[in-house]
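A look at the structure
For reference, the chains in residue letters:
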Amino acid sequence: MNTKRTKKWLNPCWASLELLGYVDIIWYDCGCIIRTVLCYFQCPEKEPDMCSYLRVCESCHQLLEQIQVQEYQETQVYDEVGGTWSAIENVNRDLRAAQQKIDDQLPKFQEIILSLDIVNGAPMKAGSNRSNVQTLAKAQENLLDYFSNFMFIVQRLKKVKPTTKGQIVVLNNLLKCKHAIYQESLYLFGQSKKKCEETMPQELLLKIQHIVETNAIRGAYITCKQLVFESIHLCDKYKLKSPIPKTISDCTQVLEPELQNVVETNKENWEEYQQNINDLLRFQLKEHRMIRPSDRRIKLEGCLHVETVMLWRTDSLLTQIRLELEAKCRDKTYKNSKNALEELQTQIKQLAT
């Protein structure tokens, strides 16, 4: 595939651009139909025999680009000077995008607080509209997701290995700058949250925190369970005798009772809740795999590549999960799950060495 044509496909005007997608399609909530964007990383040497050009919106393009490109970028070893500069530039670009999401969401969070008359000295009553509580919880959860994602990308920046004095200086200054930006945004979020705490009754504050924490442990459980299924499938497919599936499964068994306790506390039926999760997992396993080994690399490296990708991807997702739980949950909440996830990541790192 020639570079000129690839750049044409990746023109920044996503909303008005037709991108090449494989024929096996997926429906997104926004109505976009596309499976995989042919990007400048890991793309085939030529277009598939069966393909079609389909429009995709900006948000879906960002998701697809992250799926296809981020894994490649994170696993690169930047030994050459030019490669290191490219790595710094790529991560910095992703950090700017993550910061933009925070900058966009912060005013929305503040607007929601204003719309509920929290700031103007009019305390909300304990029996306030359930939708108001849900709206505030969702806005808070979105912001915490963006903060977690920002810190996850910072971890990528820390993994870049500078090879010259200039790169060391630039990398250190960039890290200081990004941490300063993060702390400033976190301070503004904290100020807005403090205004809520000063005027809202404790009962409502606990409800909002409970919603955020419930969604956090649910997301962690679903991710771990999907990793179990995918690792079992890959081990069976490539005849691998790997401890990875059992190791992840042991952690999932610790998360499950804590999630079940929360569900039953909410007076929901655990069996029905499990069925909904299983339905979601069936869809995810069919349409949105988390572990995606490269066919080309498998031909070159064999099963070693499959196990390497399993270990790397599991470690990466565990970092994200733990950052989200740290941001969304109180210190004493889900202590067993947090410890189990920490132990699992330690074991995965040991297997990778």
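Residues numbered from 1 in each chain as written. Predicted model: local features only at pLDDT ≥ 70, side-chain atom pairs only at ≥ 80, totals over all residues. Heavy atoms only, no water.

**Quick notes on the overall build of the protein chain**
Scanning the protein chain for helices and strands turns up 11 helices and 2 strands. Walking the protein chain from its N terminus toward its C terminus, one meets helices and strands in the order α-β-β-α-α-α-α-α-α-α-α-α-α. In the protein chain, buried positions account for 44% of the 353 residues. Expressed as a percentage of contacts within the protein chain between residues at least 6 apart in sequence, the contacts between residues at least 24 apart total 76%. With the model as given, the accessible surface of the protein chain reaches about 19600 Å², and the carbon-plus-sulfur share is 51%. (Helix = DSSP H or I, 4+ residues; strand = E, 2+ residues; numbered from the N terminus. Buried < 20%, exposed > 50% of the residue type's maximum accessible area, 1.4 Å probe, protein only. Contact = heavy atoms within 4.5 Å. Areas by Shrake-Rupley, 256 points an atom, 1.4 Å probe, with all protein chains shown as cover.)

**Observations regarding the packing of aromatic side chains**
If you walk through the whole model with that rule in mind, you get 5 aromatic pairs. Look at F150 and Y182: their rings are 5.7 Å apart centre to centre, the planes differ by 15°, and that puts the pair in the stacked class. Of this pair, F150 sits in helix α4 (residues 130–159) while Y182 sits in helix α5 (residues 165–199), and the two are 32 residues apart along the sequence. The pair F150 / Y182 is uniform in exposure class, with both members buried. Ring plane angle 20° and centroid distance 6.1 Å describe the contact between W270 and Y273, whose orientation is recorded as stacked. Placement of both W270 and Y273 in helix α8 (residues 270–287) is noted, with a separation of 3 residues, approximately one turn of the helix. (Phe/Tyr/Trp six-rings, centres within 6.5 Å; stacked < 30°, edge-to-face > 60°.)

**A look at unusual backbone geometry**
Within the chain, K239 stands out as a residue other than glycine whose phi angle is a positive 55°. Positionally, K239 belongs in the loop between α6 (202–237) and α7 (244–265). Here Y334, not a glycine, exhibits a phi torsion of approximately 55°, which is positive. Looking at where Y334 falls in the secondary structure, it is placed in the loop between α10 (303–328) and α11 (335–352). Among the residues examined, Y334 registers a relative accessible area of 9% and is labelled buried.

**What to know about the confidence of the model for the protein chain**
Per-residue confidence for the protein chain averages 79 on the pLDDT scale, and 73% of its residues sit at or above 70. Long-range and interchain partners of residues 1–42, a stretch whose pLDDT sits below 50, account for 107 contacts in this model, where long-range means more than four residues apart. Counting contacts from residues 75–81, a segment whose pLDDT is below 50, to residues more than four positions away or on other chains yields 11 contacts. (pLDDT = per-residue confidence, 0-100.)

**A word on the side chain of Q99**
For Q99, the location among the structural elements is in helix α3 (residues 81–115). Engagement of the side chain of Q99 in a polar contact is seen with the side chain of S185, the distance being 3.1 Å. With residues near it in sequence (within four places) discarded, Q99 still touches F150, I181 and S185. (Polar contact = N/O pair within 3.5 Å; in protein donor to acceptor, adjacent residues only side chain to side chain.)

**A look at the nonpolar core**
Counting 40 residues, the largest nonpolar core has L255, L259, M310 and L341 as the members making the most contacts within it. With 10 residues, the top contributor of residues to this core is α6. Contact partners of L341, with chain neighbours within four places excluded, come to C224, C251, L255, L318, I321, R322 and L325. Of all hydrophobic cores here, the second largest spans 37 residues; its members include I113, L144, M151 and V154. (Core = buried A, V, L, I, M, F, W, Y, C linked by side-chain atoms within 4.5 Å.)

**Concerning the packing of α7 against α8**
One can describe the packing of α7 onto α8 by two numbers: an axis separation of 10 Å at closest approach and a directional angle of 120°. Relative to α8, α7 is oriented oblique. For the crossing formed where α7 meets α8, the hand is right-handed. Contacts between α7 and α8 involve E256, L259, Q260, V263 and E264 from the first element and W270, Y273, Q274 and I277 from the second. (Axes fitted to C-alpha atoms, helices over the stretch in contact; angles between N-to-C directions. Parallel < 35°, antiparallel > 145°, perpendicular 65-115°, else oblique. Left-handed = near helix turned anticlockwise from the far one by under 90°.)

**Observations concerning the packing of α6 against α7**
Running from amino to carboxyl end, α6 crosses α7 at an angle of 155°, the nearest separation of the two axes being 9 Å. Judged by the inter-axis angle, α6 sits roughly antiparallel to α7. Here the hand of the crossing between α6 and α7 comes out left-handed. Each residue belonging to the contact of α6 with α7 can be placed in one class, and the counts come to 14 nonpolar, 5 polar and 3 charged. (Nonpolar A, V, L, I, M, F, W, Y, C, P; charged D, E, K, R; others polar.)

**Overview of the pattern of salt bridges**
If you walk through the whole model with that rule in mind, you get 10 salt bridges. R93 is paired through a salt bridge with D94; the nearest N and O atoms lie 3.4 Å apart. Overall, the relative accessible area of 30% leaves R93 in the partly exposed class. The residue K349 makes a salt bridge to D315 at a minimum N-O spacing of 3.1 Å. Here the residue K349 occupies a position in helix α11, and D315 occupies one in helix α10, the gap between them amounting to 34 residues. Judged by its relative accessible area of 43%, K349 falls in the partly exposed class. One connected set of salt bridges, linked through shared partners, spans R93, D94 and R156. (Salt bridge = Lys/Arg side-chain N within 4 Å of Asp/Glu carboxyl O.)

**Focus: α11**
A rise of 1.5 Å per residue sets the reference length of α11, with its 18 residues, at 26 Å; its end C-alpha atoms lie 26 Å apart and thus fit the reference within 8%. Among all positions of α11, only S337, K338, A340, L341, L344, Q345 and I348 are buried. Burial along α11 is one-sided: seen end-on, the buried residues are contained in an arc of 160°. Contact partners of the buried residues in α11: α6, α7 and α10. (Expected span 1.5 Å × (residues − 1). Arc of directions from axis to C-beta.)

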